[in-house]
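# Examination of the molecular architecture
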Amino acid sequence: MSSLSNLYLCTYNSLHAIGWAIALSRILSSFVTTKSVNGAYASAGELISLLQTAAFLEVVHGAIGLVPSGVVNPLMQWGGRTHFLLAVVRQIDEVQELPSIFITFVAWSLSEVIRYSHYALSCMGSCPYWINYLRYTAFIVLYPIGIAPGEMWLMYQALPFIKKKHLHEHLFDGLPFSYYNSLMVLLLCYPFLWLKLYLHMFKQRRSKLRKHHEKKKL
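Residues numbered from 1 in each chain as written. Predicted model: local features only at pLDDT ≥ 70, side-chain atom pairs only at ≥ 80, totals over all residues. Heavy atoms only, no water.

What follows deals with the overall build of the chain. A tally of helices and strands in the chain yields eight helices and zero strands. Scanning the chain from its N terminus toward the C terminus, one meets helices and strands in the order α-α-α-α-α-α-α-α. Its C-alpha atoms give the chain a radius of gyration of 19 Å, within 12% of the compact-globule value 17 Å for 218 residues. By its C-alpha atoms, the chain is 60 × 45 × 30 Å across when sized along the principal axes. When burial is assessed residue by residue, the chain has 43% of its 218 residues classed as buried. In the chain, of all internal contacts separated by at least 6 residues, the share reaching a separation of at least 24 is 75%. Roughly 11,900 Å² of accessible area belongs to the chain as shown, and the carbon and sulfur atoms make up 68% of that amount. If you average the places of the 19 positive and of the 10 negative side-chain charges in the chain, the two averages end up 16 Å apart. (Helix = DSSP H or I, 4+ residues; strand = E, 2+ residues; numbered from the N terminus. Rg over C-alpha atoms; globule rule 2.2 N^0.38 Å. Buried < 20%, exposed > 50% of the residue type's maximum accessible area, 1.4 Å probe, protein only. Contact = heavy atoms within 4.5 Å. Areas by Shrake-Rupley, 256 points an atom, 1.4 Å probe, with all protein chains shown as cover. Lys, Arg positive; Asp, Glu negative; His and termini not counted. Charge placed at Lys NZ, Arg CZ, Asp CG, Glu CD.)

If a probe the size of a water molecule is rolled over the atoms, the empty space left behind becomes visible. Taken as a whole, the largest pocket holds about 1,100 Å³ of empty space. Listing elements by their share of the lining of the largest pocket, those giving two or more residues are α1 (3-34), α3 (57-63), α4 (72-88), α5 (99-124), α6 (129-135) and α8 (179-217). In terms of residue count, the dominant contributor to the lining of the largest pocket is α8 (eight residues). The class makeup of the residues in the lining of the largest pocket is 16 nonpolar, 13 polar and eight charged. By volume, the second largest pocket is sized at about 320 Å³. What lines the second largest pocket is a set of 19 residues, and nearest its centre among them are Q77, I147, E151, Y190 and L197. (1 Å grid on protein atoms, 1.4 Å probe; cavity = no way out; pocket = protein on both sides within 12 Å on 5 of 7 lines; lining within 4 Å. Points joined across faces, edges and corners; volume = space filled by probe spheres on them. Nonpolar A, V, L, I, M, F, W, Y, C, P; charged D, E, K, R; others polar.)

And the structure:
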């Protein structure tokens, strides 16, 4: 990798690590101040929407070979989260104060602070083992929490509002199904799509931690 590409990736990942750390601090500060989980979206929703939208660059990075991640897995994760944020949560005021938003945002923020810090420090060539271990271990708990009581539960809770508001109806004009119907199908498929990403992370975990142990033996 050229020094210019490495500098770009280091800057990109550092900015995202800082952004997600700020989002997490806002969420926790709101929780401590109000003693309520209802303020997660109000305190960090816009920042998280910006960070998640900007993360489309990671799909581009994989597509042009800047990183070895490929396109499919980054696109699935980006698409799922961005749809959740921009098509559902941002459009329905009634769901923005639900506990599932707090659960989702905390799980995402913790995951991303660890992930982007790991990437940035790796670009610098100074990533300590404990960060590497956290990167490939914390997801075991954080990913299921973010998906089940977080994203999936909130989208399920949003269904009555989507039906009542005829949300995104104009996008489905002329089609034999509505956005409401497509979201119900998506919810049925979500565990299977998520499992693909989850198992991929376990594969990465075995590979990355094994490499560290092999280096240690040498």
